[in-house]
Amino acid sequence: PYRVIKILLDTFCDCKQNAFSDSNLLTNQDPQGWTALHIAVLYGVEDEALLLIIDACSIYGALSIRNEFGWTPLLLALRYGSSTRIIKALLEADVSSVTIANQSGTSPLFMRWCAWQKIDNVLARSAIAFNPRTSIHAVDNPNNLSGSFRKCWDDMLCLLKAASFHYEAKLH
């Protein structure tokens, strides 16, 4: 079922022949720490990434495996613009992944916040002087948003809900 993933693994991963067989596809890592899910998320293979997420739910820790730079599949999904479906699936499968930062200390929430700020700065610079409603700070209806701005909004809501759920669960 993972034909595309296996082609990507064979092409881009520095791993032994058959290191990523069906039985260990979810947890095996190449020498740089990349798993099949890292690759699927990085290259935006949405259907297969979703299948890997579903299958990985049954293996403790499979969704929070880090590569050599500390990047989890969720951090890669946010960094490289994976679909909101993948981000939601990763968060629903392992809500604690919202708290895992990479080696630089960048958490999923901080990463999305930085993207949000970049979009806001671009909008602010391109705003017409007499129309301050162009800035993100004045957005009162997210349905009016489009493109990367809308995606950033959706991703941020997913992350905030997951973080809220995670921290609320820790309190009880």
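Here the residue numbers are simple positions, counted from 1 along each chain's written sequence. Reporting of local features is limited, given that this is a predicted model, to residues whose pLDDT is at least 70; pairs of side-chain atoms are given and counted only at 80 or more, and all residues count toward the totals for whole chains, interfaces and linings. The basis for every side-chain value is the complete set of heavy atoms in the structure, and neither hydrogens nor water enter the calculation.

Peer 1: Provide a residue-level description of the overall build of the chain, including the pertinent values.
Peer 2: Here a helix means four or more residues in a row that DSSP labels H or I, a strand means two or more in a row labelled E, and each is numbered from the N terminus. Each helix and strand counted, the chain has seven helices and zero strands in total. The proportion of buried residues among the 172 residues of the chain is 43%. What makes two residues a contact is simply this: any of their non-hydrogen atoms within 4.5 Å. Looking at the chain alone, contacts between residues at least 24 apart form 64% of all its contacts between residues at least 6 apart. Total accessible area computed for the chain in this model is approximately 9800 Å², and 55% of it derives from carbon and sulfur atoms. We call a residue buried when its accessible area falls under 20% of the maximum for its residue type, exposed when it is over 50%, and partly exposed in between, using a 1.4 Å probe and counting protein chains only. Computed with the Shrake-Rupley method and a 1.4 Å probe, the accessible areas treat only the protein chains shown as cover for residues.

Peer 1: Break down the packing of aromatic side chains for me, with residues and values.
Peer 2: Between rings of Phe, Tyr and Trp, where Trp is taken as its six-membered ring, a pair exists when centres lie within 6.5 Å; planes separated by under 30 degrees are stacked, by over 60 edge-to-face, and by other angles tilted. Applying the stated criterion across every chain yields a total of zero aromatic pairs. Arginine 79 extends its terminal NZ or CZ atom over the ring of tyrosine 80, reaching a point 5.0 Å from the ring centre. Cation placement over rings: the criterion is NZ of Lys or CZ of Arg within 6 Å of the ring centroid and within 35° of the ring normal.

Peer 1: I'd like to hear about the pattern of salt bridges, residue by residue, with values.
Peer 2: Here a salt bridge means any side-chain nitrogen of Lys or Arg lying within 4 Å of a carboxyl oxygen belonging to Asp or Glu. Taken as a whole and judged by the stated rule, the model has two salt bridges. One salt bridge connects aspartate 155 with arginine 112, and the closest N-O pair in it is separated by 3.5 Å. Taken together, the positions of aspartate 155 in helix H7 (residues 147-171) and arginine 112 in helix H6 (residues 108-126) put the pair 43 residues apart, joining distant regions of the chain. Neither residue differs from the other here; aspartate 155 and arginine 112 are each classed as buried.

Peer 1: For the environment of glutamate 46, give the residues involved together with the corresponding values.
Peer 2: By secondary structure assignment, the location of glutamate 46 is in helix H3 (residues 46-56). Residue glutamate 46 is classed as partly exposed on the basis of its relative accessible area, which comes to 22%. Expressed as a C-alpha distance, the spacing of glutamate 46 and serine 83, which sit 37 residues apart in the sequence, is 7.4 Å. When near neighbours in sequence (up to four residues on either side) are disregarded, glutamate 46 contacts Ser83, Arg85 and Ile86. A distance of 2.6 Å separates polar atoms of two side chains, one belonging to glutamate 46 and the other to arginine 85. Any N or O atom pair separated by 3.5 Å or less is treated as a polar contact, with the protein-specific requirement of one donor-capable and one acceptor-capable atom, and with residues adjacent in sequence counted only for side-chain atom pairs.

Peer 1: Before we move on, could you go through the nonpolar core and cite the residues and values that matter?
Peer 2: Of all hydrophobic cores here, the largest spans 35 residues; its most connected members are Leu37, Leu52, Ile53, Leu74, Ile86, Leu90 and Leu91. Contributions of two or more residues to this core are made by helix H2 (36-42), H3, helix H4 (73-79), helix H5 (84-93) and H7. With residues up to four places along the chain from it excluded, the contact list for leucine 90 reads Leu37, Ile53, Leu63, Pro73, Leu74, Ala77 and Ser97. Remark: nonpolar core denotes a set of buried residues (Ala, Val, Leu, Ile, Met, Phe, Trp, Tyr, Cys) joined through side-chain atoms within 4.5 Å.

Peer 1: Account for the environment of alanine 40, with residues named and values stated.
Peer 2: Looking at the element boundaries, alanine 40 is found in helix H2. Residues alanine 40 and serine 82, spaced 42 residues apart in sequence, show a C-alpha to C-alpha distance of 9.7 Å.

Peer 1: I'd like a description of the confidence of the model for the chain, backed by residues and values.
Peer 2: On a scale of 0 to 100, pLDDT captures the predictor's confidence in every residue. Looking at the chain, pLDDT values average 77 and 70% of them are 70 or higher. Within the model, the stretch residues 128-141 combines pLDDT values under 50 with twelve contacts to residues more than four positions away or in other chains.

Peer 1: Explain the packing of H3 against H5 residue by residue, including any values.
Peer 2: Whenever a helix is involved, its axis is fitted only over the stretch in contact; in every case the axis is a line through C-alpha atoms, and angles between N-to-C directions fall within 0 to 180 degrees. In the contact formed by H3 and H5, the axes pass within 10 Å of each other and the chain directions differ by 5°. Looking at the two axes, H3 sits roughly parallel to H5. Residue-level contacts link Glu46, Ala49, Leu50 and Ile53 of H3 to Arg85, Ile86, Ala89, Leu90 and Ala93 of H5. Three residue categories are used. Nonpolar comprises Ala, Val, Leu, Ile, Met, Phe, Trp, Tyr, Cys and Pro, charged comprises Asp, Glu, Lys and Arg, and polar comprises the others, including Gly. Taken together, the residues of the contact of H3 with H5 break down into seven nonpolar, no polar and two charged. When describing relative orientation, an angle under 35 degrees is termed roughly parallel and one over 145 degrees roughly antiparallel, while 65 to 115 degrees is termed roughly perpendicular and anything else oblique.

Peer 1: Describe the side chain of histidine 38, and please don't skip the residues or the numbers.
Peer 2: Here histidine 38 lies in helix H2. Excluding residues within four positions of it along the chain, histidine 38 makes contact with Gly33, Ile65, Arg66, Asn67, Trp71, Thr72, Pro73 and Leu76.

Peer 1: Can you break down the environment of proline 31 residue by residue, with the values?
Peer 2: Within the element layout of this structure, proline 31 appears in the loop between helix H1 (3-12) and H2. For proline 31, a relative accessible area of 60% puts it in the exposed group. In this structure the C-alpha to C-alpha distance between proline 31 and asparagine 67, which are 36 residues apart in sequence, comes to 9.0 Å.

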